[in-house]
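# Fold and contact review
Each chain, written out:
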Amino acid sequence: MRHRLSTLIEVLDRRQVIVYLAAIAAGIILGLVAPGAGESLDWAINPALGALLYVTFLQIPTRDLARSLRDRRFLVAVGVLNFAIVPLVVAAMFVFLPDDQAVRFGVLLVLLSPCIDYVIVFSGLAGGSAHRLLAATPLLLLAQMMLLPVYLAVFLGSDLAQIIAVRPLVEAFVILIVVPLLLAWATQTLAVRFPLARRTRSGATATMVPLMVIVLLVVVASQIPKVSGSLGDVVAVVPFYVLFLVVMAFVGRWVASRFAFDNPGRRALVFSGATRNSLVVLPLALALPAGYELAAAVVVTQTLVEVVGMVVYVRVIPYLIPSR
């Protein structure tokens, strides 16, 4: 039984992209064919997201925080790319986005937040330096938590106060991000001394793909009925997400060349600039007040586009940044 389960997990890991796309498709079908059933899954969103984020944060080794500080050149490059150049790229697209405030908020929320999880996997598949990205993830997470409110205020100005109800956002941030993060880091600390904690960490890590499938299915199925009358607005952001991936491939390569990294470092930097933190910021989109349901759908749409985009990246980036 254990061997079969291990084999199944290995298959899911190898076929992640297909499995994720199938989960999204199943969620769309369920939401359209049985909207009542889809909406009834609302209760499952927060528990599923909390579990997924706990497992995601388990991949961020606290022991590597000091090591990440030592690789200052890569850290500076990642910071410049994600927190200086990406906002400029987003600003150039912002004026062309649909006028709907929920759509705009969702796009800003997701594009201004660099990825901290599966970017490591996809970068490694393309020959990028996965260990550099892994070491940088704690600081990337902390930096975006501090800077995202600032960027949103700059882009939206006085409109931000009308969109955000502070209490639900704070509650979502604490329950779905801070608590899983602290539990994950506590598990890592205990795993050093206690075998049970080590087994817990190992077992939880193996559930990453199944949990992602559950989250995608539940979120898509529950949100489709709410936005079925505005699907055109959601679909309208797809070209912007595609354009972002195309632009960031070349911008990332240019930034990497300025820092004169080796080949794996250059590829890793490109992936860091292109991938976004959709599932970590999704709880914030779901906590928005009534009338802003489109924001969550816009964030989920970015996930779909990015998963397909990463398949392309894995094949294209080695040609864009060839081995020296």
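Computed from a predicted structure; not experimentally measured.

The rules behind the values
Residues numbered from 1 in each chain as written. Predicted model: local features only at pLDDT ≥ 70, side-chain atom pairs only at ≥ 80, totals over all residues. Heavy atoms only, no water. Helix = DSSP H or I, 4+ residues; strand = E, 2+ residues; numbered from the N terminus. Buried < 20%, exposed > 50% of the residue type's maximum accessible area, 1.4 Å probe, protein only. Contact = heavy atoms within 4.5 Å. Areas by Shrake-Rupley, 256 points an atom, 1.4 Å probe, with all protein chains shown as cover. Expected span 1.5 Å × (residues − 1). Bend = angle between axes of the 7 residues up to and from the residue. Phe/Tyr/Trp six-rings, centres within 6.5 Å; stacked < 30°, edge-to-face > 60°. Lys NZ or Arg CZ within 6 Å of the ring centre and 35° of its normal. Patch = residues over 30% accessible without salt bridge, like charges linked within 9 Å, V, L, I, M, F, W, Y side chains within 5 Å. Salt bridge = Lys/Arg side-chain N within 4 Å of Asp/Glu carboxyl O. Axes fitted to C-alpha atoms, helices over the stretch in contact; angles between N-to-C directions. Parallel < 35°, antiparallel > 145°, perpendicular 65-115°, else oblique. Left-handed = near helix turned anticlockwise from the far one by under 90°. Nonpolar A, V, L, I, M, F, W, Y, C, P; charged D, E, K, R; others polar. Core = buried A, V, L, I, M, F, W, Y, C linked by side-chain atoms within 4.5 Å. Polar contact = N/O pair within 3.5 Å; in protein donor to acceptor, adjacent residues only side chain to side chain.

## Topic: the overall build of the protein chain
Tallying secondary structure elements over the protein chain gives 18 helices and zero strands in all. With 324 residues in all, the protein chain has 52% of them scored as buried. The contacts of the protein chain with a sequence gap of at least 6 include a subset with a gap of at least 24, amounting to 87%. When the accessible surface of the protein chain is split by element, carbon and sulfur atoms take 69% of a total near 14,600 Å².

## Some points on helix H6 (residues 72-94)
Spanning 23 residues, H6 covers 31 Å between terminal C-alpha atoms, matching the ideal 33 Å at 1.5 Å per step. Remark: the principal bend of H6, roughly 35 degrees, maps to Ile85, with a proline, Pro87, within the next four residues.

## Thoughts on the packing of aromatic side chains
All told, the structure shown has four aromatic pairs when counted by the stated rule. Taking the centre distance of 5.6 Å and the plane angle of 65 degrees together, the rings of Phe74 and Phe261 count as edge-to-face. Within this pair, whereas Phe74 is found in helix H6, its partner Phe261 is found in the loop between helix H15 (238-259) and helix H16 (263-274), the two being separated by 187 residues in sequence. Neither residue differs from the other here; Phe74 and Phe261 are each classed as buried. An aromatic cluster is present here, built from Phe74, Phe259 and Phe261 joined pairwise through their rings. Lying across the ring of Phe94, Arg104 places its NZ or CZ 4.6 Å from the centre.

## Some words on a nonpolar patch on the surface
Where nonpolar side chains cluster on the molecular surface, the patch consists of Ile28, Ile29, Leu32, Val33, Leu231 and Val235 and spans about 540 Å² of accessible area. Elements supplying a minimum of two residues to the nonpolar patch: helix H2 (16-33) and helix H14 (231-235). When residues in the nonpolar patch are grouped by element, the largest group, four residues, is from H2.

## Some words on the environment of Ile214
Among the secondary structure elements, Ile214 is positioned in helix H13 (residues 208-227). Linking Ile214 and Gly27, residues 187 residues apart in sequence, is a C-alpha distance of 9.7 Å.

## A word on the pattern of salt bridges
According to the stated counting rule, one finds two salt bridges in the structure shown. Across the salt bridge formed by Asp99 and Arg104, the nearest N and O atoms sit 3.9 Å from each other. On the basis of relative accessibility, which here comes to 14%, the residue Arg104 falls in the buried class. Among the ionic pairs, Arg132 bridges to Asp262, the shortest N-O distance being 2.9 Å. Highlighted residues: Arg132 in helix H9 (residues 130-156) and Asp262 in the loop between H15 and H16, separated in sequence by 130 residues. On the basis of relative accessible area, Arg132 is assigned to the buried category, the value being 17%. Judged by relative accessible area, Asp262 falls into the partly exposed class, the value being 37%.

## Digging into the packing of helix H4 (residues 42-58) against helix H17 (residues 278-286)
Where H4 contacts H17, the axes come no closer than 10 Å and their chain directions differ by 155 degrees. Taken together, the axes of H4 and H17 are roughly antiparallel relative to one another. In the packing of H4 onto H17, the handedness of the crossing is left-handed. Taking contact as the criterion, the partners of Ile45, Leu49, Leu52 and Leu53 in H4 are, on H17, Leu279, Val280, Leu282, Pro283 and Leu286. Partitioned by chemical class, the residues of the contact of H4 with H17 number nine nonpolar, no polar and no charged.

## Things to note about the nonpolar core
By size, the foremost hydrophobic cluster in this structure holds 107 residues, and its most contacted members are Met248, Leu269, Phe271 and Tyr313. Per-element tally for this core: the top contributor is helix H18 (residues 293-320), with 14 residues. Setting aside its immediate chain neighbours within four residues, Met248 contacts Leu81, Val86, Val89, Val270, Gly273, Ala274 and Tyr313.

## Quick notes on helix H8 (residues 118-125)
The α-helix advances 3.6 residues per turn, and as a result positions three or four apart in sequence lie on the same side. Turning to H8, its buried residues number three or more, namely Tyr118, Val119, Ile120, Phe122 and Ser123. At the C-terminal side of H8, Gly127 shows a positive phi close to 85 degrees.

## With respect to the environment of Phe240
Summarising the element assignment, Phe240 is placed in helix H15. Residues Phe240 and Gln302, spaced 62 residues apart in sequence, show a C-alpha to C-alpha distance of 9.5 Å. Residues within four places of Phe240 in sequence aside, it is in contact with Met93, Phe96, Leu97 and Pro98.

## Considering the side chain of Asn82
With respect to the helices, strands and loops of the structure, Asn82 is situated in helix H6. On the accessibility criterion, Asn82 (0% relative accessible area) is buried. Here the side chain of Asn82 touches Ser272 through a polar contact of 3.0 Å, side chain to side chain. If near-sequence neighbours (up to four positions away) are discounted, Asn82 is found in contact with Pro87, Pro114, Leu140, Ser272, Gly273 and Arg276.

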